[in-house]
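# Summary of structural features
Here is what each chain is made of, one letter per residue.
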Amino acid sequence: MTQIHTTTHLKTFRYRLRPTKAQEATLTEQLRLCRGLYNAALQERRDAYRKAKKTVTGYDQMKRLTEIKADLPEYKGVYSQVLQDVLKRLDKAFKAFFRRIKEGSKPGYPRFKGAGWYDSICYPQSGFSVSEKTAFFSKIGNIRIRLHRPLEGKLKTATITRDCGEWYVSYVCEVESQPLPETGSQVGVDVGTAYFCITSDGEFVENPRHFQRSMKALRVKQRSLSRKKRGSNRRKKTKAAVAKLHRKVARQRLDFHHKTATKLIRENDLVAHEDLNVSGMGRGNLARSIHDVGWGQFFSLLAVKAVSAGRQVIRVDPKYTSQACNKCGHTCKANRVSQSRFVCQSCGHTANADWNAALNILARALPSVQNVEVMRGLRSPGIHSGE
């Protein structure tokens, strides 16, 4: 009898909350208290190390939460696990700081959170539930929710976020993967700034340039912001308008990435792309254009969707993919005649440079897939490596 193995993965569902004025005041107060706890815990760690060379851990600080509630009664109005999560965030920041020191990269010591720089609270295990019209949160109550799509799987965590004056909740759920039927297709993807991506099938996806198209409106708003007096209501309103413009660009980019990644995953069993150092490339001369296309976010979405659909995404070494001929393999800089034209100096093969690169990316991914299939065959019943 054949056993069917189901795999699970985490999936996030984000919804708009509609709190009343009283609930909004409660949420704002909880953010203030959580920010204060974060800063106080950070100060304690700094002072302990500077004065006594003593390391205070997150566990040490969580044990003192009961004392904090006794001394500061206002913290009784915040759910206990929310307070624990604040200290876990700080502990995570310190662990990342020490990890970067070991790696030899720029450490980036954890910073104090200023007003407006702490915008979320997390219910990591319990204290929350959701129905068709309301979302319940311990110590806050039932808040109206716009459940525009049904939740799936088992609820794990809930995070309330303030975004440009609006409130949202993100539920992380454990859902079962739903493999798509095989298509028999495999594709290599070359990303760029002229075109967003070019596939080995010859498809050229236009770069929407969301940030570039919004730059004129952003310049106007930012100039207006620079003229406003600090602390004034007009400055606050203009600052909120600038933030909303940036949020609109981010949402447009995310929507485009979702649609492009979904199309690639639905149509292909295997998707190969270059293993690019996006953060490093974002510090170069083309930083604005690279941040605008958002390759890092696109690659992450592609990987997540592949896990859910039972597809395979392979990252390949990007070296010389744009200089190698996909027909004869000859590699040299002279092959790349221009930004868009490829002419092999050995065999004379002519093609679009990005399409040629996409074909090379797919070719590099296929050997690794074949090796995996061979190893699976060796481990399957009736096949032995010694025979």
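Residues numbered from 1 in each chain as written. Predicted model: local features only at pLDDT ≥ 70, side-chain atom pairs only at ≥ 80, totals over all residues. Heavy atoms only, no water.

### Some words on the environment of Leu65
The test is simple: Runs of E in the DSSP output that reach at least two residues are strands. Runs of H or I that reach at least four are helices, and both are numbered from the N terminus. Whether two residues touch is decided by their heavy atoms; if any such pair falls within 4.5 Å, the residues are in contact.
With respect to the helices, strands and loops of the structure, Leu65 is situated in helix α3 (residues 65-71). Between the alpha carbons of Leu65 and Leu83 there is a distance of 7.9 Å; along the sequence they are 18 residues apart. Contact partners of Leu65, with chain neighbours within four places excluded, come to Leu37, Leu83, Gln84 and Leu87.

### Quick notes on the nonpolar core
The test is simple: Among buried residues, those of type Ala, Val, Leu, Ile, Met, Phe, Trp, Tyr and Cys that are joined through side-chain atoms within 4.5 Å constitute a nonpolar core. Burial status follows relative accessibility: with a 1.4 Å probe on protein chains alone, a residue under 20% of its type maximum counts as buried, one over 50% as exposed, and anything between as partly exposed.
Counting 37 residues, the largest nonpolar core has Leu17, Tyr123, Phe137, Ile160 and Tyr171 as the members making the most contacts within it. Of all the secondary structure elements, the ones that give two or more residues to this core are β1 (8-18), α1 (21-52), α4 (80-103), β2 (120-123), β4 (134-137), β5 (141-146), β6 (154-163) and β7 (166-176). Looking at this core element by element, the count peaks at eight residues for α1. With residues near it in sequence (within four places) discarded, Tyr123 still touches Gln30, Tyr79, Val82, Phe128, Phe137, Ser138, Ile140, Thr157, Ala158 and Ile160. Leu276, Phe298, Leu302 and Ala309 belong to the second largest nonpolar core, which has 20 residues in total.

### Comments concerning helix α5 (residues 210-227)
To keep things clear, this is the line we draw: In this analysis, the expected span of each helix is defined as 1.5 Å times one less than the number of residues it contains. One axis is fitted to the seven residues ending at the residue and one to the seven starting there. The bend at that residue is the angle between these axes.
Across its 18 residues, α5 extends 26 Å between first and last C-alpha, which sits within 8% of the 26 Å expected from 1.5 Å per residue. The largest bend along α5 reaches roughly 45° and is located at Lys216. For α5, every residue scored as buried is listed here: His210, Ser214, Met215, Leu218, Ser224 and Leu225. Next to the buried residues of α5 lie α6 (233-267) and α8 (287-293).

### Remarks on the sheet that holds β2
For clarity, the threshold we go by: Being paired, for any two strands, means DSSP has found at least two bridges between them. The axes used here are C-alpha line fits, helices contributing only the stretch in contact, and every angle between their N-to-C directions lies in the interval 0 to 180 degrees.
Within the open sheet, the seven strands sit side by side as β2-β6-β7-β1-β5-β4-β3. Their pairing is antiparallel. Lying at the two open borders of the sheet, with one neighbouring strand each, are β2 and β3 (128-130). Within the sheet, the average angular offset between the axes of one strand and its neighbour, ignoring direction, is 30°. Pairing between β6 and β7: nine bridges, direction antiparallel. Across the sheet, residue Ile160 finds its bridge partner in β7, namely Val169. Against the sheet, α1 touches β2, β5, β6 and β7, its axis set at about 90° to β2.

### Some details on the sheet that holds strand β12 (residues 312-316)
What the five strands build is an open sheet, ordered β10-β9-β8-β11-β12; its pairing is mixed. Both outer strands of the open sheet, β10 (204-206) and β12, are each paired with one neighbouring strand and no more. Geometrically, the sheet is characterised by an average inter-axis angle of 25° between neighbouring strands, direction not taken into account. In the sheet, strand β11 (residues 270-274) pairs with β12 via five bridges, with the strands oriented parallel. Paired with Ala272 across the two strands is Ile314, which belongs to β12. Of the strands in this sheet, β8 (186-191), β9 (195-199), β10, β11 and β12 touch α6, which is tilted by about 0° from β9. Here helix α9 (residues 295-309) sits on the sheet in contact with β8, β9, β11 and β12, set at roughly 155° to β11.

### Notes on unusual backbone geometry
Most peptide bonds are trans, and most residues other than glycine sit at a negative phi. At Arg209, a residue that is not glycine, the phi angle is positive and equals roughly 50°. Relative to the helices and strands, Arg209 resides in the loop between β10 and α5. Here Arg209 falls in the partly exposed class, since its relative accessible area comes to 28%. The backbone of Tyr320 shows a phi angle near 65°, a positive value even though the residue is not glycine. Along the chain, Tyr320 falls in the loop between β12 and β13 (341-343).

### Quick notes on the side chain of Asp354
By the secondary structure assignment, Asp354 is in helix α10 (residues 353-379). Excluding residues that lie within four positions of it along the chain, Asp354 makes contacts with Asp190, Ile198 and Arg336.

### Thoughts on the packing of aromatic side chains
Using the following cut-off: In this analysis, rings of Phe, Tyr and Trp, with Trp reduced to its six-membered ring, are considered paired at centre separations within 6.5 Å, and the interplanar angle assigns stacked below 30 degrees, edge-to-face beyond 60, and tilted for intermediate values. Here, a charge over a ring is recorded when the distance from Lys NZ or Arg CZ to the ring centre is within 6 Å and its angle to the ring normal is within 35 degrees.
For the coordinates displayed, the defined rule picks out 14 aromatic pairs. Each ring, one from Tyr123 and one from Phe137, has its centre 5.6 Å from the other, and the planes form 45°; the classification is tilted. Here Tyr123, found in strand β2, pairs with Phe137, found in strand β4; they are 14 residues apart in sequence, far enough to count as distant. Phe137 carries the same exposure label as Tyr123, and that label is buried. Taking the centre distance of 5.1 Å and the plane angle of 70° together, the rings of Tyr195 and Phe204 count as edge-to-face. A connected cluster of aromatic rings, assembled from ring pairs, spans Tyr15, Tyr79, Tyr123, Phe128, Phe137 and Tyr171. Residue placement shows Arg14 over the ring face of Tyr168; its charged tip is 4.1 Å from the ring centre.

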